[in-house]
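# Tertiary structure, described
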Amino acid sequence: MLRTFSLRRCLAFFHERSCTATVGTSTWNLSAAAKRSGSDCRRWLALLLVFPFALPFTLITFPVSGADDWTEFRGPTGQGHATVKGLPVQWSDTENVKWKQDLPGLGWSSPVVADGKVFLTTAVAKGENGDAGQSLRVLCLSATDGSKVWDEEVFAAGADAPKIHGKNSHASPTAIISGDLVFVHFGHQGTACLSRDGKIRWRSQELSYSPVHGNGGTPVLYKDSLFFSADGGDNPFVASLAGATGAVRWKTTRACDAVKKFAFSTPLMIEVNGKPQLISPGSHSVGAFDPESGREIWRVNYVGYSVIPRPVVGHGMVYVSTSYDSPEVLAIRTDGTGDEIGRAHV
């Protein structure tokens, strides 16, 4: 399977954290590898052959165009799994790299791939160091050689746009491919839908909010609707937009009395007893929501904020991280109901 990612994003991550990866009997020090090859500050895209992981899980998945497609954040299952076997398990800035392509602007979004095309978002600074704002754009490249197919501006953020963290970008959420459509999300700066040939179908900035450190979480697509978390400085909420028009279907305020209310997690759609549940971690709690109405099905409280990881599902449980300041991993049974299923399900 051909899998793409923003190498500069990964190198920056490895510089800040000491981390290793183990597959079978082989272990690599990723931090050391990044330091050897990460001196170039330009954003560029590399196409590499990477390895799959296989773990059991219970979640809702959707048909994709082909075996080599990677249509959303963490892949078609949302869990980072690839089914192709026999792939290389190591690479460098030259080994197992098919092509490299310089990209305009800055963005931490992951590329998505379908039918030989790569889609990703970026933010191009206007003026001196962005003092005149940002052009929020969607790029389409050829997966064969990295050549640019099209480059379209979706939103123009003015110089008065909220500031972001120095380690973040204005284009961090990952795009979603569904059929002939590409959905993109820029957090508090808006959500949009384009055709695969770069024509804008709709744009929405109705659900604005006050961010902390910028945007980060990616939406999830289920049936004909988009779902995303909006956990800013105050009044955090979970929302659904109609995939065909961008109209707001529902908006549910989180029950959150934390001082630090912000988070950046990507929701996950799962199925429990034949019914869908939208799992959305936030500051001080994770909740399950009915995707049709936005009703909260269950909630587990914890102590933690700035939650980033997407949930993982398996063995009849949802696994979430509580993040800062004293992180824990919680394994939660998904058969609860009511205002709070409580620690008995953890």
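Residues numbered from 1 in each chain as written. Predicted model: local features only at pLDDT ≥ 70, side-chain atom pairs only at ≥ 80, totals over all residues. Heavy atoms only, no water.

### Comments concerning the sheet that holds strand β18 (residues 268-272)
Taken in spatial order, the four strands of this open sheet run β18-β19-β20-β21, and their pairing is antiparallel. Looking at strand neighbours, the two that pair on one side only are β18 and β21 (296-301), the edges of this open sheet. Sheet twist, expressed as the mean angle between neighbouring strand axes with direction ignored, is 25 degrees. (Pairing = 2+ DSSP bridges. Helix = DSSP H or I, 4+ residues; strand = E, 2+ residues; numbered from the N terminus. Axes fitted to C-alpha atoms, helices over the stretch in contact; angles between N-to-C directions.)

### Quick look at the packing of aromatic side chains
Considering all chains together, one arrives at eight aromatic pairs under this definition. Their ring planes at 35 degrees and their centres at 5.9 Å tell us that tyrosine 305 and tyrosine 324 sit as a pair that is tilted. Taken as a pair, tyrosine 305 in the loop between β21 and β22 (312-314) and tyrosine 324 in the loop between β23 (317-321) and β24 (329-333) lie far apart in primary sequence, 19 residues in all. Its relative accessible area of 43% is what places tyrosine 324 among the partly exposed residues. One aromatic cluster in this structure is built from Phe262, Phe264, Tyr305 and Tyr324. Positioned over the ring face of phenylalanine 237 is lysine 251, at 4.4 Å from the centre of the ring. (Phe/Tyr/Trp six-rings, centres within 6.5 Å; stacked < 30°, edge-to-face > 60°. Buried < 20%, exposed > 50% of the residue type's maximum accessible area, 1.4 Å probe, protein only. Lys NZ or Arg CZ within 6 Å of the ring centre and 35° of its normal.)

### So, empty space enclosed by the protein
Left-over empty space is what a probe sized like a water molecule reveals as it rolls over the atoms. According to the stated counting rule, one finds four cavities of 30 Å³ or more in the structure shown. Of the pockets and cavities examined, the largest cavity occupies roughly 100 Å³. Around the largest cavity, the lining residues are His185, Gly187, Tyr209, Gly214, Asn215, Gly216, Gly217, Ser229, Asp231, Ala263, Phe264 and Ser265. Taken together, the residues that form the lining of the largest cavity break down as three nonpolar, eight polar and one charged. (1 Å grid on protein atoms, 1.4 Å probe; cavity = no way out; pocket = protein on both sides within 12 Å on 5 of 7 lines; lining within 4 Å. Points joined across faces, edges and corners; volume = space filled by probe spheres on them. Nonpolar A, V, L, I, M, F, W, Y, C, P; charged D, E, K, R; others polar.)

### Looking at the nonpolar core
Among the nonpolar cores identified, the biggest contains 18 residues, and Phe119, Val154, Val184 and Phe186 are the most heavily contacted of them. Broken down by secondary-structure element, the contributors of at least two residues to this core are β6 (112-114), β7 (117-125), β8 (134-142), β9 (148-157), β11 (181-185) and β12 (191-195). Setting aside residues up to four positions removed in sequence, phenylalanine 186 forms contacts with Thr121, Thr122, Leu136, Arg137, Val154, Phe155, His170, Ala171 and Asn215. One finds Leu268, Val286, Ile297 and Val300 within the second-largest nonpolar core, a separate group that totals 17 residues. (Core = buried A, V, L, I, M, F, W, Y, C linked by side-chain atoms within 4.5 Å. Contact = heavy atoms within 4.5 Å.)

### Observations concerning the pairing of β7
Note: β6 against β7, three bridges, orientation antiparallel. Counterpart to valine 113 in the pairing with β7 is valine 118. Linking two consecutive strands that pair antiparallel, namely β6 and β7, is a turn of two residues; a positive phi of about 50 degrees is found at aspartate 115 within it. Note: β7 against β8, nine bridges, orientation antiparallel. Among the inter-strand pairings, alanine 125 is bridged to a residue of β8, identified as glutamine 134.

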